[in-house]
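# Commentary on secondary and tertiary structure
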Amino acid sequence: MTSNARQFGMIFTLVAIVLLFQVLTDGLTLTSSNLIAVVSQYSYILILAIGMLMVIVAGHIDLSVGSVAAFTGIVVAKSMQTFDLPWPAAFVLGLLVGAAIGAWQGFWVAYVGVPAFIVTLAGMLLFRGGNQFIGNADTVPVPEGFRVLGAGFLPEVGPSTGYNNPTLLLGAAACVAVVWREWRARQIRREMGAQPVPIWVTGIRLAVMIGVIVFATLRFAGGRVGTSFPVSGIILVGLVIAYSFYTRNTVGGRHIYAVGGNSRAAELSGVKLQRVNFFVLMNMSILAALAGIIFVARSAASGPQDGLGWELDAIAAVFIGGAAVSGGVGTISGSIVGGSVMALLNNGLQLMGVGSDLVQIIKGLVLLLAVAIDLWNKNQGRFSIIGSIMRMFGRGDSPATRPPTPVRQTQKVAAR
């Protein structure tokens, strides 16, 4: 019972933060309008956290994501304003700009050997200056149709139920996916000859997760007319599903963990280090471009101050979510949970009227204490909150939850 209670440790922490602010803000935290606002305001940071997780797992860091997002945003806005480019074409252009920037930075890291810290620090300065040069340090508005990407919601369709029907269907699909995932996990354990998790544990887990999904679905679907689950949230959910599958179930995803865990052993095992390093940095810039596009669409304009401090929020989300500073450890879902903790903490403090200076101080202390306490517990051989989150979301079978293969053993296998 103690083991299973610990497995839900981080979720309980997240719930405790929500309930605390629900009391301190007189019930404003869990209102439909506030939850919708949280998803709209922080979806781009969580998108950055997905890419940053892969960069950090591979043993690097990317300091340029905020500047890349801002540079992409001004290019997209200018292309629509000056050249009358249709917004779908401008969207594709933005992703291509992000891919080109990622290829540029990935080349210096993977094939020249310059540390990612230096390359992305240079990129932070370079693309911040590029944003101000192209935009002439001024704001550039975007057309109405483009704003749907950042400020749009699921449309109202179907019969009148008092709720947004597409949001209800999305919640129902999430419940089915959770049940199927639990059933599939038990089937896999039986096929491997392992002892399945006790059925009562599965039942409690499903009850809690489905209860949360149903509550959130009704909140998002029951907001004021014209609002529902944000389009940016749909994009985020799709990315989480796709990248979780990639990092956990594909050869390329496992190579990223192998490189971060022990690059020398990974190379002896046949992993292409240059290809992996190039990919994670290029992928990060593409996601940064996407985050910048969503932010500009939500803000209805691109400006010179866009993207300031985004890299710090993304890095904080990844480390709170369980990534190791040395690389090789971390999950997409854990990073999303870590980012949600920071988002709800920031939102709750704002609802309480706390000044921006104190908000930054509290967020910094939360990041430092979360990582320090978890490292201390690991060193003492005690329960690790972050470790439990990784087991919960990774089902215990992801590369992030397995002990690294000793170098000598890997060298023997490679020699054979």
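Everything numeric in this text was worked out from a predicted model, so none of it was measured.

### A few points about the packing of helix 5 (residues 87-112) against helix 6 (residues 116-135)
Relative orientation of the contacting elements helix 5 and helix 6 amounts to 145 degrees, with a least axis distance of 9 Å. The handedness of the crossing between helix 5 and helix 6 comes out as right-handed. Two secondary-structure elements touch here, helix 5 through Ile101, Trp104, Gln105, Trp108 and Val109 and helix 6 through Ala116, Val119, Thr120, Gly123, Leu126 and Phe127. Considered class by class, the residues forming the contact of helix 5 with helix 6 number 8 nonpolar, 3 polar and no charged.

### Let's talk about the confidence of the model for the protein chain
Of all residues in the protein chain, 86% have pLDDT values of 70 or greater, and the mean over the chain is 84. The weakest mean pLDDT in the protein chain belongs to helix 1 (residues 2-7) at 34; the strongest belongs to helix 5 at 96. With pLDDT under 50 throughout, residues 382-416 is counted as low confidence; its partners more than four residues away or in other chains account for 66 contacts.

### Thoughts on the packing of aromatic side chains
Under the criterion given, the structure shown has 11 aromatic pairs. Taking 6.5 Å as the distance between ring centres and 70 degrees as the angle between the ring planes, the aromatic pair formed by Trp87 and Phe146 counts as edge-to-face. Here Trp87 is found in helix 5, whereas its partner Phe146 is found in the loop between strand 1 (140-141) and helix 7 (148-151), with 59 residues between them in sequence. Judged by its relative accessible area of 34%, Trp87 is partly exposed. The exposure class of Phe146 is buried, given its relative accessible area of 0%. Here the aromatic cluster, defined as three or more aromatic residues joined through ring pairs, consists of Trp104, Phe107, Trp108, Tyr111 and Phe278.

### So, the nonpolar core
Note that soluble globular proteins tend to have their nonpolar side chains buried in a common cluster. Within the largest apolar cluster, 68 residues are counted, with the highest numbers of intra-cluster contacts made by Ile47, Leu48, Ile50, Met52, Leu53, Phe146 and Trp310. When residues of this core are assigned to their parent elements, the largest contribution, 14 residues, is made by helix 13 (residues 273-299). When sequence neighbours within four positions are dropped, the list of residues in contact with Met52 reads Asp62, Val65, Met284, Glu311, Ala314, Ile315 and Val318. Val38, Val39, Tyr42 and Phe229 belong to the second-largest nonpolar core, a separate cluster that totals 19 residues.

### Re helix 5
Helix length check: helix 5 (26 residues) gives 36 Å between terminal C-alpha atoms against 38 Å at 1.5 Å per residue, within 8%. Bending of helix 5 peaks at approximately 30 degrees at the position of Gly106. Every buried residue of helix 5 is accounted for by Ala90, Gly94, Val97, Gly98, Ala99, Ile101, Gly102, Gln105, Gly106, Val109 and Ala110. Those residues of helix 5 hidden inside the fold are in contact with helix 4 (65-82), helix 6 and helix 13. One or two residues past the end of helix 5 sits Gly113, with phi positive at roughly 95 degrees.

### Some points on empty space enclosed by the protein
In total, this model carries 2 cavities of 30 Å³ or more according to the counting rule given. Roughly 90 Å³ of volume is contained in the largest cavity. Lining the largest cavity are Tyr42, Ile45, Leu46, Asp313, Ala317, Gly339, Met342, Ala343, Asn346 and Lys363. Elements with a minimum of two residues in the lining of the largest cavity: helix 3 (32-57), helix 14 (310-320) and helix 15 (332-351). By residue number, the principal contributor to the lining of the largest cavity is helix 15, which donates 4 residues. Here the residues of the lining of the largest cavity are counted per class, giving 6 nonpolar, 2 polar and 2 charged.

Rules used throughout
Residues numbered from 1 in each chain as written. Predicted model: local features only at pLDDT ≥ 70, side-chain atom pairs only at ≥ 80, totals over all residues. Heavy atoms only, no water. Axes fitted to C-alpha atoms, helices over the stretch in contact; angles between N-to-C directions. Helix = DSSP H or I, 4+ residues; strand = E, 2+ residues; numbered from the N terminus. Left-handed = near helix turned anticlockwise from the far one by under 90°. Contact = heavy atoms within 4.5 Å. Nonpolar A, V, L, I, M, F, W, Y, C, P; charged D, E, K, R; others polar. pLDDT = per-residue confidence, 0-100. Phe/Tyr/Trp six-rings, centres within 6.5 Å; stacked < 30°, edge-to-face > 60°. Buried < 20%, exposed > 50% of the residue type's maximum accessible area, 1.4 Å probe, protein only. Core = buried A, V, L, I, M, F, W, Y, C linked by side-chain atoms within 4.5 Å. Expected span 1.5 Å × (residues − 1). Bend = angle between axes of the 7 residues up to and from the residue. 1 Å grid on protein atoms, 1.4 Å probe; cavity = no way out; pocket = protein on both sides within 12 Å on 5 of 7 lines; lining within 4 Å. Points joined across faces, edges and corners; volume = space filled by probe spheres on them.

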